[in-house]
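# Structural features, examined
Letter by letter, the chains look like this.
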Amino acid sequence: NTLFIIGFVLWRVETLQQLDITEEEEEESIAAETPKESPSSVNFSTLLQQKCEATLLYLQHDLTLPQLATAIGTNRTYLSAYFAQQDITYNAYINNLRIHHFMRLYSEAADSAPAVPAKMLAQQSGFHSYITFSAAFKKFTGQTVTEWMKQHGEEQ
């Protein structure tokens with residue numbers, strides 16, 4: 001029995017040493033995946049312009065913060081910190097881009113006959129729900145969609 005216990009203890013010590021090496025390797029792997037730059041040293045504005053705005057990535061209905069972070073080559077924590085520094089939320093950033101897109105589409109479609117419904121333009125602008133679009137539009141512009149369309153329809 002004594003020999004068995006000594007053998008078991010020696011085996012366990014060797015196994016624990018192997019586990020320590022594995023944990024160190026895992027920590028090194030995690031450190032390698034984490035960006036070295038802090039959120040303040042990365043120019044997120046340029047990255048967002050290149051990877052989100054220029055490519056129209058924001059039109060994707062189900063775009064999430066982690067997906068956007070991956071697209072610009074960072075993680076969601078750093079991107080969230082950037083948005084916080086800009087005093088804006090991820091949703092507000094995406095909605096603002098989508099609303100500007102809606103406005104461009106409306107300006108282009110205003111000359112066409114028959115008129116293109118706002119609901120269709122909202123969907124083409126990346127909004128999954130017209131109700132969400134209407135609420136975001138009112139918050140962004142201070143006007144309802146109908147008021148804004150009437151005002152901009154008269155200007156053209």
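See above for the structure.
Residues numbered from 1 in each chain as written. Predicted model: local features only at pLDDT ≥ 70, side-chain atom pairs only at ≥ 80, totals over all residues. Heavy atoms only, no water.

### What about the packing of aromatic side chains?
Under the counting rule described, the total for this entry stands at 13 aromatic pairs. Relative to Tyr82, the ring of Phe44 lies with its centre 5.2 Å away and its plane at 35 degrees, an arrangement referred to as tilted. With Phe44 in helix H2 (residues 44-53) and Tyr82 in helix H4 (residues 76-85), the pair connects residues that are 38 residues apart, well separated along the chain. Of the two residues, Phe44 and Tyr82, both sit in the buried class. (Phe/Tyr/Trp six-rings, centres within 6.5 Å; stacked < 30°, edge-to-face > 60°. Helix = DSSP H or I, 4+ residues; strand = E, 2+ residues; numbered from the N terminus. Buried < 20%, exposed > 50% of the residue type's maximum accessible area, 1.4 Å probe, protein only.)

### Notes on H4
Taken as a whole, H4 has its buried residues at Tyr78, Leu79, Tyr82 and Phe83. Take H4 and look down its axis: the buried residues cluster within an arc of 140 degrees, on one side only. Residues of H4 that are exposed and point more than 90 degrees away from the buried face comprise Thr77 and Ala84. Lining the buried residues of H4 we find H2, helix H3 (65-72) and helix H5 (90-109). Of the residues that open H4, the one with a side-chain oxygen 3.1 Å from the backbone nitrogen of Thr77 is Asn75. Remark: Asp87 follows H4 within two positions and exhibits a positive phi of approximately 60 degrees. (Arc of directions from axis to C-beta. Contact = heavy atoms within 4.5 Å. Polar contact = N/O pair within 3.5 Å; in protein donor to acceptor, adjacent residues only side chain to side chain.)

### Examining H2
Phe44, Leu47, Leu48 and Cys52 are the residues of H2 that are buried. For H2, the buried positions fall inside an angular range of 100 degrees around the axis, keeping them on one side.

### Some thoughts on the packing of H5 against helix H7 (residues 130-141)
Taken N-terminus to C-terminus, the directions of H5 and H7 make an angle of 90 degrees; their axes are 10 Å apart at the nearest point. Taken together, the axes of H5 and H7 lie roughly perpendicular to each other. Of H7, the residues touching H5 (which contributes Asn95, Asn96, Ile99, His100, Phe102 and Met103) are Phe133, Ala136, Phe137, Phe140 and Thr141. A breakdown of the residues in the contact of H5 with H7 according to their chemical character gives seven nonpolar, four polar and no charged. (Axes fitted to C-alpha atoms, helices over the stretch in contact; angles between N-to-C directions. Parallel < 35°, antiparallel > 145°, perpendicular 65-115°, else oblique. Nonpolar A, V, L, I, M, F, W, Y, C, P; charged D, E, K, R; others polar.)

### A few points about the nonpolar core
Within the largest apolar cluster, 20 residues are counted, with the highest numbers of intra-cluster contacts made by Leu48, Cys52, Leu68, Leu79, Phe83, Tyr93 and Ile94. Every element with two or more residues in this core is listed here: H2, H3, H4 and H5. Non-local contacts of Leu79, meaning those with residues more than four positions away in its chain, are made with Phe44, Leu48, Leu65, Leu68, Ala69, Ile72 and Thr74. Counting residues in each nonpolar core, the second largest holds 15 residues, with Phe102, Ala122, Phe137 and Trp148 among its members. (Core = buried A, V, L, I, M, F, W, Y, C linked by side-chain atoms within 4.5 Å.)

Geometric descriptors of this kind do not, in isolation, establish any biological role.
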